[in-house]
Amino acid sequence: MFSLDHKVIGIQYLITGFLFLLFGFALMTLMRWQLAYPLQPIPFVGNLFGPERAPGGIMLPEFYNQLGAMHGTVMVFLATVPIIVGGFGNFLVPLQIGAPDMAFPKLNMLSYWSFVVGGIVMLVSFFVPGGAAQSGWTSYPPLADIMPIGQTIWLFGMVFLITSSLLGAINFIVTIVQLRTPGMTWMRLPYFVWAQFVSAFLLLLAFPPLEVAAILQLMDRIAGTSFFLPSGLVVSGQIVTGLTGQAAGRLASGGGNPLLWQHLFWFLGHPEVYVLILPAMGIVAEIIANNTRRPLWGYRAMVSSAVFIGFMSLIVWAHHMYITGMGTTLAAFFQTTTMIISIPSVIILTSLFVSLWGASIRFTTPMLFALAFLPMFGIGGLTGLPLGLAGSDTQLHDTYYVIAHFHYVVAPGTIFAMFAGVYYWYPKATGRQMNTVLGTIHFWGSFVCMNLIFMPMFLQGLGGMNRRLYDGGLQYLHNAEFLKWHIPISMAAWTLGLFQIPFLLNFFGSIKWGTAVGQNPWNATTLEWSAPSPARHGNFERPPVVRRPAYEYSVPGAPRDFTPQDAD
């Protein structure tokens, strides 16, 4: 349990993150019932939630808000980031750079257990009086300042989760800078390592403001301060003179600014998107190079683009805040930077598409997920452009269009890359191959369902349907013609859950019954495939020496169509 081996810690992150992914998905399935069949009892499990959440099995608005806030929190901070950075990053980065372990093994172990504690704290919040946080995954004040105790527990959980990410980020940066094996120059690094390197800097620079903000909001809630609590706040027709939570009875000084929280949150919130998508691009790049048997087209341009994305992501945060009245001059700046940051993303995506041009593609299970990532992320990115312009964002903000855009980036985008990585590196972790038939069923079912879920949401959003309404917008006349879409969307969401069963059977069953393979079953070139499968403690039998770039596939005159980095 308290291993210092980076591979064990990576697998711990991976499995824990997937458990949270399933939990966050389960929260969404309850929300989808409420949206498809508002004011109807939840079948089978409705009475289990008790009268304070679902009297007679009918979901209360407060419980719906809890599900929404915790779904977002769990999926972003407890599932996707821990899997794609903590899981894949920990397992692969030392192997791909030829290192025996991470630079700080104990810090690595502490990072994982801080994540676990933060996750447990978040889960506990469901069982306190008033339930879990219900101010959205963004925890906007002043609403978050006056919510029940669950919001306080959410903030404590965030402190643990942010600390975990900071410890991991420091470890990744030092490991990549200091522990590269002889011959592993910067331009010989696999693209996945570059992606993790940039992501680590984003976590290190952007997470501290949110940790500070969480502590300040905690002070507002338990110490009577007013960092985010404005003067003259009116709740239910009454001016707030003191807080209603743990600081009840203490006079609220007022004078705080709720927009300060938004700035601090989105200063992390937007780089967080690239913390998810850059490692996903790294996974996809590794798999595409291997299954096209060609070097990555434009490798240096892809690296430069990743570094540029990292820098630019820190100065685009306020495009989430156009409707706060920031003014046209400031809005123009953030519109410009938002359009600029789309350029390197297009360069990376184009390079991956060109890598496919004229190739003899192997349609393995990981390649299916990697290929699907490209158009799904393309749709997510393209539909984000109207949200980066103040004029169109004013109309689309806080509608289902935003949900569709973001989820195309993260769900059929990042999560497909995660599945691709699991299928691709599973032999390295276990010495066995996952079943191809089950993998193909998992892919096609997930691909179809994902699009059936999120594509109609663009139409709902363009029609003006607001998100975060517990009845799906039933009380608004302009939503009438779009309400019917909630039912097929929910059906697709529940079916998506069924298509994860083949993956679970495949993942755990293949540990025992999967086909045994050698250390390099994919005939790949990067260093991790030069280590035994599964790799022992210390990774390599002797320190490897790198003699060539990362992707020497189909080199003219070579005896094979792949030449490992450490080959003579």
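Structural notes, computed from the coordinates. (Residues numbered from 1 in each chain as written. Predicted model: local features only at pLDDT ≥ 70, side-chain atom pairs only at ≥ 80, totals over all residues. Heavy atoms only, no water.)

Re the overall build of the protein
Piece 1. If you tally the helices and strands in the protein, you get 14 helices and 4 strands.
Piece 2. Taking 24 Å as the expected radius of gyration for a compact globule of 568 residues, we find that the protein reaches 24 Å, a close match to that expectation.
Piece 3. Within the span of the protein, comprising 568 residues, buried residues form 59% of the whole.
Piece 4. Relative to all contacts within the protein whose residues are 6 or more apart in sequence, the contacts with residues 24 or more apart total 80%.
Piece 5. Total accessible area on the protein is roughly 21,700 Å²; 71% of this is exposed by carbon and sulfur atoms. (Helix = DSSP H or I, 4+ residues; strand = E, 2+ residues; numbered from the N terminus. Rg over C-alpha atoms; globule rule 2.2 N^0.38 Å. Buried < 20%, exposed > 50% of the residue type's maximum accessible area, 1.4 Å probe, protein only. Contact = heavy atoms within 4.5 Å. Areas by Shrake-Rupley, 256 points an atom, 1.4 Å probe, with all protein chains shown as cover.)

Thoughts on helix α7 (residues 299-312)
Piece 1. If you check α7, its first and last C-alpha atoms are 20 Å apart, about what 14 residues at 1.5 Å a residue would give, namely 20 Å.
Piece 2. Taken as a whole, α7 has its buried residues at Tyr299, Met302, Val303, Ser305, Ala306, Ile309, Gly310 and Met312.
Piece 3. The inward-facing, buried residues of α7 abut α5 (191-222), α6 (258-292) and α8 (328-356). (Expected span 1.5 Å × (residues − 1).)

Structural notes on the side chain of asparagine 291
Piece 1. Mapped onto the elements, asparagine 291 comes out in helix α6.
Piece 2. Within the structure, asparagine 291 has its side chain in polar contact with the backbone oxygen of isoleucine 287 (distance 2.9 Å). (Polar contact = N/O pair within 3.5 Å; in protein donor to acceptor, adjacent residues only side chain to side chain.)

Side note on the nonpolar core
Nonpolar side chains in soluble globular proteins tend to be buried together.
Piece 1. In this structure, Phe18, Phe88, Tyr191, Leu210, Leu352 and Phe373 are the most contacted members of the largest nonpolar core, which totals 176 residues.
Piece 2. Aside from chain neighbours lying at most four places away, what touches phenylalanine 88 is Leu14, Ile83, Val93, Phe192, Ile283, Met418, Gly421, Val422 and Trp425. (Core = buried A, V, L, I, M, F, W, Y, C linked by side-chain atoms within 4.5 Å.)

As for the packing of aromatic side chains
Piece 1. Scanning all chains against the criterion turns up 50 aromatic pairs.
Piece 2. Measuring from centroid to centroid gives 4.8 Å for tyrosine 424 and tryptophan 425, while their planes differ by 75 degrees, and the two rings are edge-to-face. Tryptophan 425 matches tyrosine 424 in its accessibility class, with the two residues each being buried.
Piece 3. These aromatic residues form a ring-pair network of at least three members: Phe18, Phe369, Phe416, Phe419, Tyr423, Tyr426, Phe443, Trp444, Phe447, Phe503, Phe507 and Phe508.
Piece 4. Note that arginine 180 overlies the ring of tryptophan 186, its terminal NZ or CZ placed 4.1 Å from the centroid.
Piece 5. The ring of phenylalanine 562 is capped by arginine 560, whose NZ or CZ atom sits 4.4 Å from the centre of that ring. (Phe/Tyr/Trp six-rings, centres within 6.5 Å; stacked < 30°, edge-to-face > 60°. Lys NZ or Arg CZ within 6 Å of the ring centre and 35° of its normal.)

Some points on the environment of isoleucine 403
Piece 1. The residue isoleucine 403 is located in helix α11 (residues 400-430) in this model.
Piece 2. Taking the C-alpha atoms as reference, isoleucine 403 lies 23 Å from proline 142; in sequence the two are 261 residues apart.
Piece 3. Non-local contacts of isoleucine 403, meaning those with residues more than four positions away in its chain, are made with Met457 and Arg467.

As for the packing of α5 against α7
Each pair of packed helices can be summarised by the angle the axes make with each other and by the distance between the axes.
Piece 1. In contact at an axis separation of 9 Å, α5 and α7 are set at 10 degrees when each is read in the N-to-C sense. Our classification of the angle between α5 and α7 gives roughly parallel. Taken together, the residues of α7 that come into contact with α5 (itself represented by Tyr191, Trp194, Val198 and Leu202) are Tyr299, Met302, Val303, Ala306, Val307 and Gly310.
Piece 2. For the contact of α5 with α7, a count of residues per class yields 9 nonpolar, 1 polar and no charged. (Axes fitted to C-alpha atoms, helices over the stretch in contact; angles between N-to-C directions. Parallel < 35°, antiparallel > 145°, perpendicular 65-115°, else oblique. Nonpolar A, V, L, I, M, F, W, Y, C, P; charged D, E, K, R; others polar.)

Thoughts on the environment of glycine 445
Piece 1. Among the secondary structure elements, glycine 445 is positioned in helix α12 (residues 436-462).
Piece 2. Here the alpha-carbon distance between glycine 445 and phenylalanine 115, two residues 330 residues apart in the chain, equals 31 Å.

Digging into the packing of helix α2 (residues 61-97) against α6
Piece 1. Between α2 and α6, the least distance of the axes is 11 Å, while the angle of their chain directions is 45 degrees. Between α2 and α6, the crossing angle belongs to the class labelled oblique. Here α2 and α6 pass one another in a crossing that is left-handed. Along the contact surface, α2 presents Val76, Phe77, Thr80, Val81, Ile84, Val85, Phe88 and Gln96, while α6 presents Leu268, Glu272, Val275, Leu276, Pro279, Ala280, Ile283 and Glu286.
Piece 2. Tallied by class, the residues present in the contact of α2 with α6 amount to 12 nonpolar, 2 polar and 2 charged. (Left-handed = near helix turned anticlockwise from the far one by under 90°.)

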